[in-house]
Amino acid sequence: MKFNTKVIHAGIEPDPSTGAIMTPIFQTTTYVQAAPGDHKGYEYARARNPTRTVLENNLAALENGTQAIAFGSGLAALDAVIKLLKPGDEILSTDDLYGGSFRLMKRIFEPLGITSRFVSMLDPAVFEAQIKPETKLIWIETPTNPMLNIIDIEAITGIARKHSIMTCVDNTFASPYLQTPLDLGADLVLHSATKYLGGHSDSILGAVVTKNQELADRLRFIQNASGAIPGPMDCFLILRGIKTLHLRVQRACENAAQIAAWLLNHPAVANVYYPGLPSHPSHDIAKKQMRGFGGMVSFDFKTDTTESAHQVLKNTKLFSLAESLGGVESLIGHPATMTHGSLPREQRQKIGLTDSLIRVSVGVEDSDDLIADLEKAFSSLN
Ligand SMILES: *Cc1c(COP(=O)(O)O)cnc(C)c1O
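Reading guide: rules and limits
Residues numbered from 1 in each chain as written. Predicted model: local features only at pLDDT ≥ 70, side-chain atom pairs only at ≥ 80, totals over all residues. Heavy atoms only, no water. Helix = DSSP H or I, 4+ residues; strand = E, 2+ residues; numbered from the N terminus. Buried < 20%, exposed > 50% of the residue type's maximum accessible area, 1.4 Å probe, protein only. Contact = heavy atoms within 4.5 Å. Pairing = 2+ DSSP bridges. Expected span 1.5 Å × (residues − 1). Phe/Tyr/Trp six-rings, centres within 6.5 Å; stacked < 30°, edge-to-face > 60°. Lys NZ or Arg CZ within 6 Å of the ring centre and 35° of its normal. Salt bridge = Lys/Arg side-chain N within 4 Å of Asp/Glu carboxyl O. Near = heavy atom within 4 Å. Polar contact = N/O pair within 3.5 Å; in protein donor to acceptor, adjacent residues only side chain to side chain. Areas by Shrake-Rupley, 256 points an atom, 1.4 Å probe, with all protein chains shown as cover. 1 Å grid on protein atoms, 1.4 Å probe; cavity = no way out; pocket = protein on both sides within 12 Å on 5 of 7 lines; lining within 4 Å. Sits in = over half its atoms within 2 Å of the grid points. Nonpolar A, V, L, I, M, F, W, Y, C, P; charged D, E, K, R; others polar.

On the secondary structure map, L182 appears in the loop between α7 (175-178) and β6 (188-192). For L182, a relative accessible area of 3% translates into the label buried. In this structure, the C-alpha to C-alpha distance between L182 and A322, residues 140 residues apart in sequence, is 31 Å. Not counting chain neighbours up to four residues away, the residues in contact with L182 comprise E63, N64, G65, D187, L188, V189, V209, T210 and K211.

The next subject is the pairing of strand β3 (residues 115-119). Bridge count between strand β2 (residues 90-94) and β3: five bridges; the pairing is parallel. In the strand pairing of β3, S93 is matched with F118.

With 20 residues, helix α10 (residues 245-264) should reach 28 Å at 1.5 Å per residue; the first-to-last C-alpha distance of 28 Å fits that figure. Of the surrounding secondary structure, the elements contacted by the buried residues of α10 are α1 (3-9), α7, α9 (232-242), β8 (269-273), β9 (296-301) and α14 (367-378).

Under the criterion given, the structure shown has seven aromatic pairs. Both rings, one in F3 and one in Y177, keep their centres 5.6 Å apart while their planes meet at 55°; by these two values the pair is tilted. Taken together, the residues span a long stretch of sequence, with F3 in helix α1 and Y177 in helix α7 at a distance of 174 residues. There is no split in this pair, since F3 and Y177 are both buried. Note that R48 overlies the ring of Y42, its terminal NZ or CZ placed 4.5 Å from the centroid. Its guanidinium or amino end placed over the ring of Y98, K195 lies 5.1 Å from that ring's centre, counting from NZ or CZ.

The full count for this structure, using the stated rule, is eleven salt bridges. Between R117 and E90 there is a salt bridge whose closest N-O contact spans 2.7 Å. Of this pair, R117 sits in strand β3 while E90 sits in strand β2, and the two are 27 residues apart along the sequence. For E90, a relative accessible area of 4% translates into the label buried. E128 serves as the salt-bridge partner of K162, at 2.8 Å between the closest nitrogen and oxygen. Of this pair, K162 sits in helix α6 (residues 153-162) while E128 sits in helix α5 (residues 124-128), and the two are 34 residues apart along the sequence. We classify E128 as partly exposed; its relative accessible area is 22%.

The environment of the ligand is made up of 14 residues, and the closest members are G74, D170, S192, T194 and K195. Between S73 and the ligand, the recorded distance is 3.5 Å, taken from a side-chain N or O atom to an oxygen atom. Residue D170 places a side-chain N or O atom 2.7 Å away from a nitrogen atom belonging to the ligand. When the ligand is considered free in solution it has 380 Å² of accessible area, and contact with the protein chains removes 94% of it. According to the grid-proximity analysis, the pocket containing the ligand is the largest pocket. Here the shell around the ligand is composed, by residue class, of six nonpolar, five polar and three charged.

This is the structure we're talking about:
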């Protein structure tokens, strides 16, 4: 089955009891048993819920995995992945990552004895020298947030395999429409389904996908034992969102490419970060491992101040000032004072995240209107 068919059909059957074509929302906590232990595969909804099962089967198919395990949020999914480790183990993570992932690693797990180091993965050889005997998980996020660097997944997972280290790719920014890391050697793929998979900015959910049965069993155990599960209504909303994933991401890619080209020619703009631009330092790797360049664009201004960024943010009308990404509507944000506020300024500067850097999540509106909106907001500069 090809991807555009999978989003509609993979793992999804009409409800056997009624024929309902949409997966029902099984809003129930428990299931009646004919005799003790004699049930239909469902006993208690923390362990299993039929709406969640359908979503998990669909996600497994989209990522070319065998199993998906769903959680109450992307960070709950990351929390479960880190619980595969034990005190004394180390996570070696990319240094340009989602602020909440950084916070979870540093503030929750470090006091419990699982440490994290943040390094560049842009040069695989330089990266390999950073591996230590206690390194037990390599955490890859690509495209990175908000600098939109591209990490060569196949190169990094190849190194990890040589050292017998587990790898997980946060695939939130690309979505499985553009990139399937399990095909590139990753052991685990993580999603904040809150973003592109859901696509309508109306529910929070996370998932981990794998084709490794042992890891799937351990994550399934953590899902039930720690209990950070998503509710059935949220599973339904994400399933509904996924049905148009291919259409939405395709349009977002087209719009983002036009906006990036326009930004490149604007006199007030200093740098444009979009992996689809031939001038982007990792354009060739993006072309190799992705089927499109995504809907995220970052840029900064020649007048590199927080004030110039805030001036623009105040003046856009179609681009709404908000955290998050991946919805049908375009969003604009200022990482230094918003999503990446929990990252120390020194760390931000090191990765090129300047004070004036703006990140846009391009939606599926008309690109002419989006560019006109930015043009007007930029005229408020100087
Ligand atoms: C949003 C996001 C997360 C966290 O997901 P939640 O669903 O908000 O918990 C993790 N990684 C990336 C790349 C994200 O954008």
